Amino acid sequence: MQSLSKTLGGAIVRNSTRLSYRQSRVPQRRFYVSEPSTTTVAVKTLTKWSILKNSAKLGLVAGIAYGCYEMYVQRHPHVQNEMDPEKKTIVILGSGWASTSFLKDIDTDDYNVVVVSPRNYFLFTPLLPETTVGTIDIRSVIEPTRFIARHKSRTVNVIEAECTQIDPEKKLITIADNSDVKGNHATSTLSYDYLVVGIGAMSATFGVKGVEEYGCFLKEVWDAQKIRTKLMDCIETAAFPNQTPEEIDRLLHMVVVGGGPTGIEYAAELHDFLVDDLTAWYPELAGKVKITLIEALPNVLPAFSKKLIDYTESTFKEQNISIHTQTMVREVRERDIEVKRPDGTVDNIPYGLLVWATGNTARPLIRDLMQKFPETQLVRRGLAVDEWLRLDGSQDIYALGDATATRYAPTAQVAAQQGKYLARLFKQLANRDALELELEDASDEEKVKKERKLRKIKDIRPFQYSHQGSLCYIGSDKAVADLPFGPGGNLASGGVATFAFWRSAYISSLFSTRNRALVITDWLKKTALGRDISRE
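So, how was this worked out
- Residues numbered from 1 in each chain as written.
- Predicted model: local features only at pLDDT ≥ 70, side-chain atom pairs only at ≥ 80, totals over all residues.
- Heavy atoms only, no water.
- UniProt positions renumbered as here; feature names shortened; annotations may be inferred.
- Salt bridge = Lys/Arg side-chain N within 4 Å of Asp/Glu carboxyl O.
- Core = buried A, V, L, I, M, F, W, Y, C linked by side-chain atoms within 4.5 Å.
- Buried < 20%, exposed > 50% of the residue type's maximum accessible area, 1.4 Å probe, protein only.
- Helix = DSSP H or I, 4+ residues; strand = E, 2+ residues; numbered from the N terminus.
- pLDDT = per-residue confidence, 0-100.
- Contact = heavy atoms within 4.5 Å.
- Pairing = 2+ DSSP bridges.
- Axes fitted to C-alpha atoms, helices over the stretch in contact; angles between N-to-C directions.
- Patch = residues over 30% accessible without salt bridge, like charges linked within 9 Å, V, L, I, M, F, W, Y side chains within 5 Å.
- Areas by Shrake-Rupley, 256 points an atom, 1.4 Å probe, with all protein chains shown as cover.
- Lys, Arg positive; Asp, Glu negative; His and termini not counted.
- Charge placed at Lys NZ, Arg CZ, Asp CG, Glu CD.
- Expected span 1.5 Å × (residues − 1).
- Bend = angle between axes of the 7 residues up to and from the residue.
- Polar contact = N/O pair within 3.5 Å; in protein donor to acceptor, adjacent residues only side chain to side chain.
- Parallel < 35°, antiparallel > 145°, perpendicular 65-115°, else oblique.
- Left-handed = near helix turned anticlockwise from the far one by under 90°.
- Nonpolar A, V, L, I, M, F, W, Y, C, P; charged D, E, K, R; others polar.
- Phe/Tyr/Trp six-rings, centres within 6.5 Å; stacked < 30°, edge-to-face > 60°.

As annotated in an unreviewed UniProt entry, the chain is NADH:ubiquinone reductase (non-electrogenic) from Mucor saturninus. What UniProt states about the chain under its Sequence similarities (unreviewed entry) heading is, verbatim, "Belongs to the NADH dehydrogenase family."

See the structure below:
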């Protein structure tokens, strides 16, 4: 018995020892479960990275697929309905920002639409300065009007012609074929129910003698082509044998008149061209080229904040671009311009190329239309319109964009928003007309509901412009941006990062996938291969 008790006691002691050992290991197991191992963390990190990679791949594939679909749709438009003689007809004059934005958004199920413009395309003007030096090709910033019109639900009649006269009483316009190749009929007339005037404006010379003869504007495709040709002529002529040093200095002096965004961006593009390309292909001339910018106001970019104005001027100083503010051009001659300095002195500045990038003035057709409403059209710079963009003095003529005289700046942003607004307004007008017809045959109970709905439709809100900010390229892969948000209600930014934002904003503003692909390709081509320095 004694030995048995000893044996049992030993067993109990051993079991209790094992139990206490197991109990002592339990907290350790719990400790390792609550704190992941290095291997577990690495696995989780790899899993997250794999998810991100797969998401990026999926996004890339989806983006490419969407782009291919968009290009397929653009190349293969659907079958359109014919014009309906029972529908009202809208005649659109022009193919600029305002008219094209209106055309893109107008519902052709409600109206017959006719477009009349001397050019059969839309031009993305913000990138026009880049085409003058070969940064991008002109074809990349052109969108044919028929590409837009062909994708509407109903046939849109596009006529390449210039409107020469508007008869508001008869609701007729006279159009003329100004192309080099003409048929049997060079003029014709069109009737309208509504007329949308969006023909823009022309460059103002402010009465300065010689500007049209010797200067180059920068508003149209042919302006950019003329500038490119004359720029290369100046460079090649300066490289011609036996030129005097004075003549070489004159030929290589490029003068830009106008310190707004257009003038600033052209001077910046010209600087990049001279630095990036001219240095390599014309080393004997590279150091002799000079760029001068002339502005009548106290500073450049008057619509931007003081901080960005100073940044732009300091950047131009680093780029050796001379800025002459408070300087007015009095006369333009073939080889030099006469300017009046801030102190009142008069000076002559020799030049090889002169680019005139100043303000706007009304076109002859606009001035003629204003004379037909002498009591209401009293503003000289453009057509006076009400809050709904309807011409003062008329019930069926609407005007928008640079052809009008409003409190808004004559920018592409304003014109595009006006075009979209006017398309929505015409949609409401169509709904109003449809309800008024339904009311004639409606029962008394239905009339109450329809009259209530009609009152809501007739309450059309006036146009309200929403400023999305101002952008400007200033050269050397730098840009400035004045955006309507930030700590103080406004964000002023400048530099290389802003340049990336500037490019992305312009890409998103292009009207089609085709143009986006072409512009991006041109930028990549310029980076890899440089600009084309040929004359044509």
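From this point, the discussion proceeds with the structure in view.
A. Main features of the pattern of salt bridges. Counting across every chain of the model gives 21 salt bridges. Overlapping salt bridges, with partners in common, bring together R330, E331, R333, D336 and E338 in one network.

B. Spotlight on the nonpolar core. By size, the foremost hydrophobic cluster in this structure holds 124 residues, and its most contacted members are L93, I166, I173 and F426. A per-element tally of this core places helix α12 (residues 412–441) first, with 10 residues. Of all hydrophobic cores here, the second largest spans 14 residues; its members include V211, F217, V329 and L354.

C. Looking closely at the confidence of the model for the chain. In this model, the chain carries a mean pLDDT of 89, and residues with pLDDT of at least 70 account for 89%. This stretch, residues 1–33, has a pLDDT under 50; its non-local contacts, to residues over four places away or in other chains, come to 0 contacts.

D. Seen up close, the sheet that holds strand β22 (residues 491–495). In spatial order, the strands read β20-β21-β22; together these 3 strands make up an open sheet with antiparallel pairing. A strand with exactly one partner marks an edge of an open sheet, and here the two such strands are β20 (470–475) and β22. Along the sheet, successive strands turn relative to each other by an average axial angle of 10°, direction set aside. Strand contacts of helix α10 (residues 306–318): β20, β21 (478–483) and β22, with the helix running at about 170° to β21, the strand carrying the most contacts. Of the strands in this sheet, β20, β21 and β22 touch helix α14 (residues 496–509), which is tilted by about 70° from β21.

E. Broad picture of a positive patch on the surface. A cluster of like positive charges, contributed by K449, R452, R455 and K456, occupies part of the molecular surface. Among the secondary structure elements, K456 is positioned in helix α13 (residues 444–458).

F. Quick peek at helix α9 (residues 261–281). Here α9 contains 21 residues, and its C-alpha end-to-end distance of 29 Å stays within 8% of the 30 Å for a straight helix at 1.5 Å per residue. The largest bend along α9 reaches roughly 35° and is located at L274.

G. Broad picture of the side chain of Q377. Here Q377 is to be found in the loop between α11 (364–371) and β19 (397–399). A polar contact is formed between the side chain of Q377 and the backbone nitrogen of A384, at a distance of 2.7 Å. Setting aside residues up to four positions removed in sequence, Q377 forms contacts with M370, G382, L383, A384, L391 and D392.

H. Spatial organisation of the packing of helix α7 (residues 221–238) against α9. The interhelical angle for the contact between α7 and α9, taken along N-to-C directions, is 45°, at an axis separation of 14 Å. Classified by the angle between their axes, α7 and α9 sit oblique to one another. As α7 runs across α9, the sense of the crossing is right-handed. Residues I227, L231, M232 and I235 of α7 lie in contact with α9, whose contacting residues are Y266, L270, F273 and L278. For the contact of α7 with α9, the residue count by class is 8 nonpolar, no polar and no charged.

I. Region of the structure containing the sheet that holds strand β9 (residues 194–197). With respect to topology, 5 strands assemble into an open sheet ordered β5-β2-β1-β9-β19, the strand pairing being parallel. Edge strands, defined here as strands with exactly one partner in the open sheet, are β5 (156–160) and β19. On average, adjacent strands in this sheet sit at an angle of 15° to one another, irrespective of strand direction. Bridging between strand β1 (residues 88–93) and strand β2 (residues 111–117) involves 6 bridges; their strand directions are parallel. Its bridge partner lying in β2, K88 is registered against Y111.

J. Inspection of the side chain of E269 at higher detail. Positionally, E269 belongs in helix α9. Salt bridges are absent for the buried E269, whose nearest opposite-charge side chain, R531, sits at 4.3 Å. If we skip the residues at most four places from it in the chain, E269 touches P129, E130, V133, T135, Y473 and R531.

K. Examining the packing of aromatic side chains more closely. Evaluation of the coordinates by the stated rule reveals 18 aromatic pairs. Here Y111 and F426 contribute two aromatic rings whose centre-to-centre distance is 5.6 Å and whose plane-to-plane angle is 90°, an arrangement assigned as edge-to-face. Note that Y111 is positioned in strand β2 and F426 in helix α12, a separation of 315 residues in sequence. We note that Y111, like F426, is buried. Their ring planes at 40° and their centres at 5.3 Å tell us that Y473 and F499 sit as a pair that is tilted. Here F499 lies in helix α14 and Y473 lies in strand β20, a separation of 26 residues in the sequence.

L. Highlighting the pairing of β20. In terms of burial, β20 is a largely internal element, 6 of the 6 residues being buried. Relative to β21, β20 is paired through 5 bridges, and the arrangement is antiparallel. Looking across to β21, one finds that C472 is bridged to V480. What sits between β20 and β21 in their antiparallel hairpin is a turn of 2 residues, with S476 showing a positive phi close to 55°.

M. Region of interest: unusual backbone geometry. If you check the backbone angles, L301 has positive phi at about 45° while not being a glycine. Topologically, L301 is positioned in the loop between β12 (290–294) and α10. Residue L301 is classed as buried on the basis of its relative accessible area of 1%.

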